[in-house]
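These are the residues of each chain, in order.
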Amino acid sequence: MTDLALFRQETRQWLDAHCPEEMRLPMSEEDICWGGRHFTFRSAAQKAWLEVMAARGWTVPGWPKAYGGGGLSGDEQKILNEEMARINARPPLQSFGIWMLGPALLEFGTEAQKRHYLPQIARGEIRWCQGYSEPGAGSDLAGLQTKGVDQGDHFAVTGQKIWTSYADKADWIFCLVRTEPDASKHTGISFLLFDMESAGVSTRPIKLISGASPFCETFFDDVKVPKDQIVGERGQGWTIAKYLLTHEREMIGASDNALFAKTDLVADAIQSVGVNEDGHLDDPMLRAELGQFLIDEICFDAHMQMSGAYMRAGHELGARSAELKYLGTELNKRRQSLRVSAGGADDLVWEGTANSAGQAAKDWLRAKGNSIEGGTSEVMLSILSKAVLKLPG
Amino acid sequence: MEVLSEDHKLIAEAAQGFLKAGHGVEAFRALRDAGDDKNAALRSEIAGMGWMGILLPEAVGGVDFGYRAAGLIAEAMGRNLTISPFLSSAILAATVLRAVGGTALQHWGPRLAEGQVTMALALEESTKHRPDRIATTLAETASGLRLTGRKGFVVDGGAADRLIVVAKQGGACVLVLVDPAADGVVVTEQFMLDHRNAATVAFEDVALAQADVLAMGAEAEAALAQALAAGRAVAAAEQLGVAKAAADQSFDYLRTRKQFGVLIGQFQALQHRAADLYCELAQADSLVAAALNALDAGSDDSELLTRAAKAKLARVGRQATEEGVQMHGGIGMTDAMDLGLFMKRDRALSEFLGDAGHHTDWILRHRGI
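Notes on the structure follow. If you're wondering where the values come from, they're calculated on a predicted model, not measured in any experiment.

Here we come to the overall build of chain B. Looking only at helices and strands, one finds 11 helices and 10 strands in chain B. The C-alpha radius of gyration of chain B comes to 21 Å, within 12% of the 21 Å expected for a compact globule of 369 residues. Viewed in the frame of its principal axes, chain B has a C-alpha envelope of about 80 × 50 × 40 Å. Relative to its 369 residues, chain B shows a buried fraction of 54%. Within chain B, counting contacts between residues at least 6 apart in sequence, those at least 24 apart form 74% of the total.

Take the interface of chain B and chain A next. The partner chain A presents 36 residues to the 34 residues of chain B that form the contact. Looking at the side of chain B that touches chain A, the elements with two or more residues in it are helix H7 (217-256), helix H8 (268-297), helix H9 (302-328) and helix H11 (356-366) of chain B. The leading source of residues in the side of chain B that touches chain A is H8 of chain B, at 14 residues.

What follows deals with helix H10 (residues 339-351) of chain B. All names here are of chain B. Taking 1.5 Å of rise per residue, the 13 residues of H10 would be expected to cover 18 Å, and the 19 Å separating its terminal C-alpha atoms lies within 8% of that figure. Residues of H10 that are buried include every one of Leu339, Leu341, Phe342, Met343, Arg345, Asp346, Leu349 and Ser350, and no others. On its buried face, H10 is in contact with helix H2 (25-33), H7 and H9.

The subject of this paragraph is unusual backbone geometry. Residues and elements named next belong to chain B. Its identity as a non-glycine residue notwithstanding, Asp205 has a phi of 55°, on the positive side. By the element assignment, Asp205 lies in strand S7 (residues 197-208). In this structure, Leu353 takes a positive phi of about 60° despite not being glycine. Within the secondary structure, Leu353 sits in the loop between H10 and H11.

What follows deals with the pairing of strand S5 (residues 189-195) of chain A. Residues and elements named next belong to chain A. Burial analysis of S5 places 6 of its 7 residues in the buried class, which makes it a mostly covered element. Where strand S4 (residues 172-178) and S5 come together, 7 bridges link them in antiparallel fashion. Each bridged residue has a counterpart across the sheet, and for Arg178 the counterpart in S5 is Ile189. Relative to strand S8 (residues 230-231), S5 runs antiparallel, the two being bridged by 2 bridges. Looking across to S8, one finds that Leu192 is bridged to Ile230.

Conventions adopted
- Residues numbered from 1 in each chain as written.
- Chains lettered and ligands numbered in written order.
- Predicted model: local features only at pLDDT ≥ 70, side-chain atom pairs only at ≥ 80, totals over all residues.
- Helix = DSSP H or I, 4+ residues; strand = E, 2+ residues; numbered from the N terminus.
- Rg over C-alpha atoms; globule rule 2.2 N^0.38 Å.
- Buried ≥ 20, exposed ≤ 12 C-beta atoms within 10 Å, placed from the backbone.
- Contact = placed C-beta atoms within 7 Å.
- Expected span 1.5 Å × (residues − 1).
- Pairing = 2+ DSSP bridges.

Shown next as structure tokens:
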């Protein structure tokens, strides 16, 4: 038996023995385990699943063992994903620490920072949020104005962030701050880490059109940030931020499957609209639109699988990650739009028992943000036209 | 984005290198201007490289490289607008022969592989692709088997040495091999918009021998289905090559054409359209590769993927060629530029073996609606 086949066999046995039955059921948004100081586990099984996976390093299977990871190769990670999918095992932990800060620390952090912060992320002890966008710095992120004034042993941080995901629930923040007021736009930014319980930090949730409040406005009033809590050099923050944005889109590319949870559009349409005597959906225009969507979905899935294999073969996506972000988010907007079209009047119900009890409408509204957050579709197209097509600037 | 095997990489490079050197768009123009829609000289050259036997078993003189390899060759042909009987003979006819096997494969396989003969599939009977609406009839009479009917859009039919005709016998599907020179066969050549030939063929009480029947019933249906799946996937690959070539020329134009004192590629309106086209081509490339790989692996989703690829390329090919003309402006409308040539080939490939609507409808039926 090859090493990988053996790994698959052992992984399958271990998962069978250790993944609680409850953690193999379909999950909703509320079932996500985010970890953190104030996280309330929804069940004993959820807590046990996190602990047993964290002990094995499998909350972050690709990270080195020394920092709480599993030390798995790309092929081994793919096998672990497949074996977890096989039994519908829920992810034991999801967080911005895993997706974003961790990779930045692995690339730019000091050894002391890696040993301090990474295991806390792997065990789900500290929940992180990302302080990037500001009211005056959206697509033009490098125009950010939150300032960090050098006070000898610390920076005094003052300013405002916006679209900070779950800032009201986070324990720490990784934050882009202008520490070099005399440097150029792109070289005056530093990447700082600090505790959200520090004096001078406050948050205010933003209510979205979907009714939910996943984002906050975050305010800093003279927040003291010790100087050893800077990642990389002073003024290197933009390089790290760009690395993270690319990495985020690359993770999308390496995920080997859809970016977004899929509902069965066809089954929903049959249930809602019905089928006529020819065996066709009883709404020819909706049927035609659905057909075009299905072709594009099959196409995008094939592209995601190719990109996953491409990255496992050791290639980097680089700017091409923008291509997956653009295609994937635009496709999801179409998916959600078709879903509510199929649902008709039932999916106008905001609260109640009809159909999805407002979930389809909320998902549809939430999806409008997909092509804005993490870089708008227009920013993606601009990146591609310059970095890949080499069109003049 | 596909990680090609070393063998496939070599095939792709060899195909593009060979075709670009002597059989590129300039050569295509020369053929067109001379009224040559057959390019007979190329056939023995590509047969010598194994392309005409790309899908045939080694036992009958083929190289048996598989569908992915065939797709890479077709993509290079699309890029270079190469006129050849590759799709009709090396893909459609070879797949039928391979599926039916027996003496037909033993006899015709080596001749196809060596480029001695070409074959065309006589399938269509209406303006749109309707493989399940066949009125051409094979009848058992007192004087033997007789074939009667009429076929259209028989691609490469004007030059083919044999026609593989899809007919019905007592309601069952039957595939017969017909010599176009036989009594009662009337071949009318047509010069198509893409400067290729297709024929309409009338069969008036054509006498056939039992040996001319390649397959009947379920066996005939299976062989036809395999040939159509292969033909669609490889046609999609050729269309991908056409679309990429059109897009590349247009992206080049955006980098060099000046208006208002600046390069037009500096205009965001054009940058975003170019980048959108690039993204669509990138994902279409993955889908074509997935479809061809699925055919090679014989996987269950090969039918779904080949049809999705054919439907997707119909849309992306149109986007690439239409955007190409628009980005070039007036000069894009001239015969001196290649864009019109790509647009015409793209149009023909979209209709060939089913357009986007045909295959989208199949996928919807497959999903139960």
